[in-house]
Amino acid sequence: ENDDFMIRNIGNQVENAEGSIEYGVEHLRTPLLFVIGHTGCGAVKAAMGDMSKLSAPIQKELEHIHLPKPGAGKSPEAAWAEAVIANVNNQVEVALKHFGKDVQAGQLTVVGAVYDFRNDLLQGAGKLAIVNVNGNSEPERMVAFVDAVSGKKDEAKEGKDGKDKKRGKSLAKMDDAAAAAAIADEIAKLRHSAPAHEEARAEIKAPLHAVIAGER
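The following paragraphs examine the structure supplied in this document. (Residues numbered from 1 in each chain as written. Predicted model: local features only at pLDDT ≥ 70, side-chain atom pairs only at ≥ 80, totals over all residues. Heavy atoms only, no water.)

## Structural notes on the packing of aromatic side chains
In this description, a pair of aromatic rings is defined by centroid distance and the angle of the planes. Selection rule: Pairing of aromatic side chains requires ring centres within 6.5 Å, counting the rings of Phe and Tyr and the six-membered ring of Trp. Pairs whose planes differ by under 30 degrees are stacked, by over 60 edge-to-face, and all others tilted. Remark: exposure states derive from per-residue accessible area (1.4 Å probe, protein chains only) relative to the maximum for the residue type, with buried under 20%, exposed over 50%, and partly exposed in between. We call a charge positioned over a ring when the NZ of a Lys or the CZ of an Arg lies within 6 Å of the ring centre and within 35 degrees of the ring normal.
Going through the model one piece at a time under the given rule, you end up with two aromatic pairs. Ring centres 4.6 Å apart and planes at 80 degrees place the aromatic pair Y115 and F117 in the edge-to-face group. For Y115, a relative accessible area of 5% translates into the label buried. Stacked on the ring of W80, the Lys or Arg K45 has its end atom at 4.6 Å from the ring centre. Here the basic side chain of R118 rests over the ring of W80, its NZ or CZ set 4.8 Å away from the ring centre.

## Digging into the pattern of salt bridges
What counts, and what does not: For this analysis, a salt bridge means a side-chain nitrogen from Lys or Arg found within 4 Å of a carboxyl oxygen belonging to Asp or Glu.
Summed over all chains, the structure comprises six salt bridges. The shortest N-O distance in the salt bridge between D120 and R118 comes to 2.8 Å. With a relative accessible area of 23%, D120 lands in the partly exposed category. A relative accessible area of 34% means that R118 is categorised as partly exposed. Salt bridges here are not isolated pairs; linked through shared partners, they connect E26, R29 and D102.

## Overview of helix α4 (residues 76-104)
Going by this rule: To get the bend at a given residue, fit one axis to the seven residues ending there, fit another to the seven starting there, and take the angle between those axes. Helix numbers and strand numbers start at the N terminus; a helix is a DSSP run of H or I with at least 4 residues, a strand a run of E with at least 2.
Of all the bends in α4, the greatest, near 75 degrees, is centred on H98. Where α4 ends, the next residue or the one after it, G106, has phi of about 80 degrees, a positive value.

## Some details on the pairing of strand β3 (residues 109-116)
Definition in use: Pairing between two strands is assigned when DSSP locates at least 2 bridges connecting them.
The buried fraction of β3 is high, at eight of eight residues. Residues T109, V111, A113 and Y115 of β3 are buried on one face, and the alternating residues V110, G112, V114 and D116, pointing to the opposite face, are buried as well. As paired strands, strand β2 (residues 32-38) and β3 are joined by seven bridges and run parallel to one another. Note on β3: the bridge partner recorded for L32 is T109. Note: β3 against strand β4 (residues 127-133), six bridges, orientation antiparallel. Note on β4: the bridge partner recorded for G112 is N132.

## Some points on the side chain of N89
Applied cut-off: In protein, a polar contact requires one atom able to donate a hydrogen and another able to accept it; more generally it is a pair of N or O atoms within 3.5 Å, and residues adjacent in sequence count only if both atoms are side-chain atoms. Any two residues whose heavy atoms approach within 4.5 Å are treated as being in contact.
Among the secondary structure elements, N89 is positioned in helix α4. Using a relative accessible area of 18% as the deciding quantity, one classes N89 as buried. A distance of 2.9 Å separates the side chain of N89 from the side chain of N132, its partner in a polar contact. Setting aside residues up to four positions removed in sequence, N89 forms contacts with V131, N132 and S137.

## Overview of unusual backbone geometry
Residue N119 is not a glycine yet carries a positive backbone phi of 65 degrees. Position of N119 relative to the elements: it lies in the loop between β3 and β4. The exposure class of N119 is partly exposed, given its relative accessible area of 29%. A positive phi angle is found at L122, which is not glycine, with a value near 60 degrees. Within the secondary structure layout, L122 lies in the loop between β3 and β4.

## Let's talk about the side chain of Q91
Relative to the helices and strands, Q91 is located in helix α4. Residue Q91 is classed as buried on the basis of its relative accessible area, which comes to 3%. The residues contacting Q91, other than those within four sequence positions of it, are G11, N12, Q13, V14, E15, V35 and H64.

## Structural notes on the environment of N90
Along the chain, the position of N90 falls in helix α4. Sequence separation between N90 and H64 is 26 residues; the distance between their C-alpha atoms is 9.7 Å.

## Observations concerning the layout of surface pockets
Where empty space is left becomes clear once a probe the size of a water molecule has been rolled over the atoms. The criterion, for reference: Definitions used throughout: a 1 Å grid over protein atoms alone; a cavity as a set of points that fits a 1.4 Å probe which cannot get out; a pocket as an open set with protein on both sides within 12 Å along at least five of seven lines; a lining residue as one with an atom within 4 Å of a point. Grid points are joined across faces, edges and corners, and a volume is the space filled by probe spheres set on the points. Charged means Asp, Glu, Lys or Arg here, nonpolar means Ala, Val, Leu, Ile, Met, Phe, Trp, Tyr, Cys or Pro, and polar covers whatever is left, Gly included.
In this structure, the largest pocket occupies an estimated 340 Å³ of space. Every residue lining the largest pocket is counted, 15 residues in all, and those nearest its centre are Q123, A129, I130, M142 and V143. Sorting the residues of the lining of the largest pocket by element identifies β4 and α5 (139-149) as the ones contributing at least two each. Of the residues that constitute the lining of the largest pocket, the class distribution is ten nonpolar, two polar and three charged.

Here is the structure:
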């Protein structure tokens, strides 16, 4: 207990580490599977381009990264950042296919996030951005989730003005609010307590959690 079960690979991929992830979920009974990508991900950039010149082992390692074509008019940097988020969303979907029964039973929450080394997401360098919770990636739900894990949910319940009441109603509609509350302290540590350069490696003082992180 009181530790992370950390799995690292290029592109923070689920299929390439299925056995290790299954061990964390099915045997260690982790309540939280945390998929963490990062801006400037070399694996994602390689998957966006021509992989024919890469070695066979690296090509094989990247074959499960499936990315949409960049939107017209996107700058290379913007397209890269969007691809990083798309990859995290895809990996969450793969995890849900494998462990959907655990999620439906309330035994597991799958969270996708992007650690922004370079401020590509325009939220500040060194920030951990939550982009997906159990397959939900709508911005409004992500804001509600972050409010829940950062303690703003309680403030909304106690607030007296109209804005607080509106925020409270939004949170009440959120399917993952209960799961968010259960892991509030842990993710709050990642987002708020650790210095920026240590944030991605912050210790989580909670029941064991499985973390899939991309190598930088």
